[in-house]
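Reading the structure
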2 protein chains.
Amino acid sequence: MQKIQFQLPVDEFPTKWYNIIPDLPEPLPPPKEPEDGHSRMEYLAKTMVGECLKQEMSTDRWVPIPEEIRERYIQAGRPRPLYRAVRLEKKLGLKKVRLYYKREDLSPTGSHKVNTALAQAYYAAKEGNTTLVTETGAGQWGSALSYAAKLFDLDCVVFWVKSVYDWKTDRRTLMNLFGAKVYASPSKETKTGKEILAKDPNSPGSLGIAVSEGLEYADTHDGCVYCLGSVLNHVLMHQSIIGLEAIKQFEIAEDSPDLIVGCLGGGSNFGGIALPFVGEVLNKKRECEFLASQSEAAPNLAKGEYKYDFGDVGEHTPLLKMYTLGHKKDMVPIKADGLRYHAAAPLISLLRHHNIVKAVTYPADEKAIFQAATMFLQSEGWLIAPESSYAVRAGIDEALKAEKAGKERVICMNISGHGFLDLTAYKEKMGLP
Amino acid sequence: MQKIQFQLPVDEFPTKWYNIIPDLPEPLPPPKEPEDGHSRMEYLAKTMVGECLKQEMSTDRWVPIPEEIRERYIQAGRPRPLYRAVRLEKKLGLKKVRLYYKREDLSPTGSHKVNTALAQAYYAAKEGNTTLVTETGAGQWGSALSYAAKLFDLDCVVFWVKSVYDWKTDRRTLMNLFGAKVYASPSKETKTGKEILAKDPNSPGSLGIAVSEGLEYADTHDGCVYCLGSVLNHVLMHQSIIGLEAIKQFEIAEDSPDLIVGCLGGGSNFGGIALPFVGEVLNKKRECEFLASQSEAAPNLAKGEYKYDFGDVGEHTPLLKMYTLGHKKDMVPIKADGLRYHAAAPLISLLRHHNIVKAVTYPADEKAIFQAATMFLQSEGWLIAPESSYAVRAGIDEALKAEKAGKERVICMNISGHGFLDLTAYKEKMGLP
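Residues numbered from 1 in each chain as written. Chains lettered and ligands numbered in written order. Predicted model: local features only at pLDDT ≥ 70, side-chain atom pairs only at ≥ 80, totals over all residues. Heavy atoms only, no water.

1. Observations concerning helix H13 (residues 268-282) of chain A
All names here are of chain A. With 15 residues, H13 extends 20 Å between its outermost C-alpha atoms, agreeing within 8% with the 21 Å of an ideal straight helix rising 1.5 Å per residue. Where burial is concerned, most of H13 is hidden: twelve out of the 15 residues are buried. By the burial criterion, the buried members of H13 are Ser268, Asn269, Phe270, Gly271, Gly272, Ile273, Ala274, Leu275, Pro276, Phe277, Val278 and Gly279. Lys284 lies just past H13 and shows a positive phi near 60°. (Helix = DSSP H or I, 4+ residues; strand = E, 2+ residues; numbered from the N terminus. Expected span 1.5 Å × (residues − 1). Buried < 20%, exposed > 50% of the residue type's maximum accessible area, 1.4 Å probe, protein only.)

2. A look at the pattern of salt bridges
Residues and elements named next belong to chain A. What the rule picks out here adds up to 54 salt bridges over all chains. For Arg78, the salt bridge is made with Glu245, and the minimal N-O distance between the two is 2.8 Å. With Arg78 in the loop between helix H3 (67-75) and strand E4 (82-84) and Glu245 in helix H12 (residues 241-252), the pair connects residues that are 167 residues apart, well separated along the chain. Taken as a pair, Arg78 and Glu245 share a single burial class, namely buried. A salt bridge links Asp166 to Lys162; the nearest nitrogen and oxygen atoms lie 3.0 Å apart. Owing to a relative accessible area of 42%, Asp166 belongs among the partly exposed residues under this scheme. For Lys162, a relative accessible area of 26% gives the class partly exposed. Residues joined in a network through salt bridges with shared partners are Arg78, Arg80, Lys102, Glu104 and Glu245. (Salt bridge = Lys/Arg side-chain N within 4 Å of Asp/Glu carboxyl O.)

3. Points about the relation of the copies chain A and chain B
Between the two copies of the chain lies a rotation about an axis combined with a shift along it. When chain A is fitted to chain B, the best match, at an RMSD of 0.0 Å, comes from turning it 180° and sliding it 0.0 Å along the axis. Such a combination of turn and shift is consistent with a two-fold rotation axis. In terms of C-alpha distance to the rotation axis, chain A has Phe420(A) as its closest residue, with the C-alpha 3.1 Å off the axis. The share of interface residues of chain A whose copies in chain B are also at the interface is 100%, consistent with both copies meeting through the same surface. (Least-squares fit on C-alpha atoms with pLDDT ≥ 70 in both. Contact = heavy atoms within 4.5 Å.)

4. A closer look at the interface of chain A and chain B
Size of an interface: often given as the accessible area lost when the parts come together. The partner chain B presents 57 residues to the 57 residues of chain A that form the contact. Summed over both partners, the interface of chain A with chain B buries about 5000 Å², with 60% contributed by carbon and sulfur atoms. Interface area lost by chain A to chain B is led by Met1(A), Gln75(A) and Leu177(A), which between them contribute 15%. Here chain A is connected to chain B by four salt bridges. Note that Asp153(A) and Arg87(B) form a salt bridge whose closest N and O atoms lie 3.7 Å from each other. Seen at the junction of chain A and chain B, the total is 17 residue pairs in polar contact (both at pLDDT 80 or more). Looking at the side of chain A that touches chain B, the elements with two or more residues in it are H3, helix H6 (140-151), helix H8 (169-177), helix H16 (367-380) and helix H18 (423-429) of chain A. When residues of the side of chain A that touches chain B are assigned to their parent elements, the largest contribution, seven residues, is made by H8(A). Class assignment for the residues of the side of chain A that touches chain B results in 26 nonpolar, 17 polar and 14 charged. (Buried area = accessible area lost by both parts, 1.4 Å probe. Polar contact = N/O pair within 3.5 Å; in protein donor to acceptor, adjacent residues only side chain to side chain. Nonpolar A, V, L, I, M, F, W, Y, C, P; charged D, E, K, R; others polar.)

5. Some points on the sheet that holds strand E8 (residues 181-185) of chain A
Residue and element names in this part refer to chain A. The four strands lie next to each other as E8-E7-E6-E9, forming an open sheet whose pairing is parallel. Two strands in the sheet have a free side with no partner beyond their single neighbour: E8 and strand E9 (224-226). Here the strands of the sheet are splayed against their neighbours by 25° on average, with no regard to which way each runs. Pairing between strand E7 (residues 155-161) and E8: five bridges, direction parallel. Looking across to E8, one finds that Val157 is bridged to Lys181. Sitting on the sheet, H6 touches strand E6 (131-136) and E7, and the angle it makes with E6 is about 170°. Sitting on the sheet, H8 is in contact with E6, E7 and E8, with an inclination near 165° to E7. (Pairing = 2+ DSSP bridges. Axes fitted to C-alpha atoms, helices over the stretch in contact; angles between N-to-C directions.)

6. As for the environment of Pro22(B)
Among the secondary structure elements, Pro22(B) is positioned in the loop between strand E2 (16-18) and helix H1 (40-47). Between the C-alpha atoms of Pro22(B) and Leu207(B), which are 185 residues apart in sequence, the distance is 33 Å.

7. Comments concerning unusual backbone geometry
Note that the residue after Arg78(A), namely Pro79(A), is joined by a cis bond; omega there is -10°. Inspection of the secondary structure assignment puts Pro79(A) in the loop between H3 and E4. Here the bond from Ser185(B) into Pro186(B) is cis, since omega is 10°, no more than 30 degrees from zero. Despite not being glycine, Asn355(A) has its phi angle at roughly 65°, a positive value. Looking at the element boundaries, Asn355(A) is found in the loop between helix H15 (346-353) and strand E14 (357-362).

8. Observations regarding the packing of aromatic side chains
Geometrically, a pair of aromatic rings is defined through the distance of the ring centres and the angle of the planes. One pass over the full model with this rule turns up 32 aromatic pairs over all chains. Measuring from centroid to centroid gives 6.2 Å for Phe6(A) and Tyr100(A), while their planes differ by 45°, and the two rings are tilted. Placement of Phe6(A) in strand E1 (residues 5-6) and of Tyr100(A) in strand E5 (residues 97-103) is noted, with a sequence separation of 94 residues between them. Accessibility assignment for this pair places Phe6(A) and Tyr100(A) in one class, buried. An angle of 35° between the planes, with centres 5.7 Å apart, marks the rings of Phe159(A) and Tyr183(A) as tilted. Of the two residues, Phe159(A) sits in strand E7 while Tyr183(A) sits in strand E8, which places them 24 residues apart along the sequence. Residue Tyr183(A) is classed as buried on the basis of its relative accessible area of 19%. Here the aromatic cluster, defined as three or more aromatic residues joined through ring pairs, consists of Phe6(A), Tyr100(A), Phe250(A) and Phe277(A). The ring of Trp382(A) carries Arg103(A) above its face, with NZ or CZ at 3.6 Å from the centroid. The ring centre of Tyr308(B) lies 4.3 Å from the NZ or CZ of Lys32(B), which sits over that ring. (Phe/Tyr/Trp six-rings, centres within 6.5 Å; stacked < 30°, edge-to-face > 60°. Lys NZ or Arg CZ within 6 Å of the ring centre and 35° of its normal.)

9. A short note on the pairing of strand E5 (residues 97-103) of chain B
Residue and element names in this part refer to chain B. Counting buried positions over the seven residues of E5 gives six, a clear majority of the element. Of the strand pairs in this sheet, strand E4 (residues 82-84) and E5 are connected by three bridges, and their pairing is antiparallel. Pairing of Arg84 across the sheet is with Tyr100, part of E5.

10. Details of the sheet that holds strand E8 (residues 181-185) of chain B
All names here are of chain B. The strand order across the open sheet built from four strands is E8-E7-E6-E9, with neighbouring strands paired in parallel fashion. Here the strands that pair on one side only, and so sit at the sheet edges, are E8 and strand E9 (224-226). The mean inter-strand angle of the sheet, taken between neighbouring strand axes irrespective of direction, is 25°. Two elements, strand E6 (residues 131-136) and strand E7 (residues 155-161), share six bridges in a ladder whose sense is parallel. Paired with Thr136 across the bridge in E7 is Trp160.

11. A short note on the side chain of Ser58(B)
All names here are of chain B. Structurally, Ser58 can be placed in the loop between helix H2 (50-57) and strand E3 (62-64). Here Ser58 falls in the buried class, since its relative accessible area comes to 13%. Of note is the side chain of Ser58, whose polar atom sits 3.1 Å from the backbone nitrogen of Asp60. Every residue in contact with Ser58, bar those within four places of it in the chain, is listed here: Asn19, Ile21 and Val63.

12. Details of the packing of helix H5 (residues 114-126) of chain A against H6(A)
Residue and element names in this part refer to chain A. Where H5 contacts H6, the axes come no closer than 8 Å and their chain directions differ by 40°. As summarised for this structure, H5 and H6 are arranged oblique, according to the angle between their axes. By crossing handedness, the relation of H5 to H6 is classed as right-handed. Of the residues in H6, those in contact with Val114, Thr116, Ala117, Leu118, Gln120 and Ala121 of H5 are Trp141, Ala144, Leu145, Tyr147, Ala148, Ala149 and Leu151. Of the residues in the contact of H5 with H6, the class split is eleven nonpolar, two polar and no charged. (Parallel < 35°, antiparallel > 145°, perpendicular 65-115°, else oblique. Left-handed = near helix turned anticlockwise from the far one by under 90°.)

Shown next, in the form of structure tokens:
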């Protein structure tokens, strides 16, 4: 029988996160203060988790994962299996190309976001905090942080862009079940929110407003810290367990990928699967290429400019050197809402700048994306998130290209989440009754 | 670090199903023909999968699982892990009681139903059929069969009770994505459906009508077979992989359950986890008790009468000896719709008759059920199906009872499915905003 599923024994789950900073081809450009006289770093230092800020600057290649976090990772179902996509290969008529996928969709809240949420919640609790605060757009990050807070017996407050809050009732219910307080943003909980509501009681909100509200809330309430779900170095480091597991699982599979494909919005799931492999490439231990799959709606890595920019619309973060579309960029709505972000993580951006990571984009109508997702469902049987479908689309396209050229190729796609809360998007995009 | 997750290596996935028939304390009362002169067995023999009918009567203790089915089981994520509920134990203040749970919620369509769907689809294809036909009520069985049909390159036709079809849009989308044709029943696809619609164009349908339509469709279309998702011996045998995995996983955990708890509607998930353990009890290899958790809305095993009855409202099946509420019984709606069935599987019924399986019921308002599910979510982190929540409720209650009595106890709860498509039910029952 052909091997399909590659498990890593629970006992072999990684004991350290991988930090790529010491292995980068050039030093990571440091964050900068904007020239308006207000220090963003001091503000963030006040509102963020101390250990996370420390990790953000760390130059240690390997950072030990505390036992309490490892235990929660294992409770959350890690290690997650690697699969060989034998039926998808057959469907595509592949003879020379082998396709694999990594299963972050098995996460308790349905996305890879729990990998950093658990770490942040642990450190927040250890530092004596009682409440995690954040903003959420698509809802995956808010769900993951609600989950992690509850698992470490903390409270959680989520400011959710009102236009999304209003219709994503199921995700909201999930957060509420984990005990989180979820506010439609703009809300009456903050000065920022109240001012906006006074001017426009029907404001649909925005990610910028939600971030502002969250930061203000954390700043004005005792025992509160603000948590960020992507872009930053420490977030990508927490996500490195995806790639570290995959490296060991490919050894079990007695195979080796020469292309890693992930979707990319801010870069946390892409970084999670790719960076441990990139590290081995940079240390000449393996050869492998890396492809980020994006939407034309937010082609930050593919078409952005490599420059210093804010991480958020509201200009609360320091300036970070990133491939960016500009932090005020308007982006059309897409179903893969988690990919709608103006810039790519500084770590991924630097690797793109050195041509180690490449990017591809797909039209914002997402037809090609949902077709790939449906082909994956019908062959492999798993319902994946719209975001993850970008990875599958690019994986399929690269496989067909290599096959046509008669080139052997081993491709690994990262499935960042499941699609059980995205069935209305599937219905609409696939024109179902 | 305390062990939480017990995986069975993929290579050790069972190679045989377990059939309890030769181990029963008395022979299973055979199906009987009703006295109206119409042979139900001949009718079923025409419309059902041949190998499944053969397995229904088999007296072999071990039935080899064909390689093609094993491969699909592994692709569907088997073996599924067993978990120790350490955080739930802590929440309940347990010192003497250990709680475990088995994770069928990790199934591709979100329930244990795929375990028999894959087997039935394989045999149907092998016998030259092109289309699987079935009825569905709650929708789990329809999703699982749609999935299995696609994985074996077959077509699938599902007749879905119209009153449920109309509002469970997400489950319908899932079936459609797998390529199934899903008809609201009564439909215009059958004579039965057309006659009912002629009398009442707004008929909400019923499970009885949907079964009639499915059987008629299978009977009148070439290459079509009718598939059943619970109650019958072969279905419970296919499900035995749940318990067979659990037996090996408890060995890995170096522990042994003395109580197995599952929810019970028709009996397929309960039989799946319990029967392999029951077999060892009957063969004096272990001591263990078995508890079926039911709704007051359908307390077939707890309060039914042990007698011959039809398996369906429409009287298409032979008479089976079961604990039954009567096949015409009206049952109030509950969120755990998969438990609303009038009778318990003949195998489980016989074991109940011999006092080997016991039953407990919970009020149809389901408050206690959703509270248990939410406690499970907040401690273990997993969102489980309303049906599975009955197992958790009974597991918690038995744990507290034993703890109070100062009695050591090892309880295993079967989590039959996930709740990502049941969040509106959680919202309503937990009174969330």
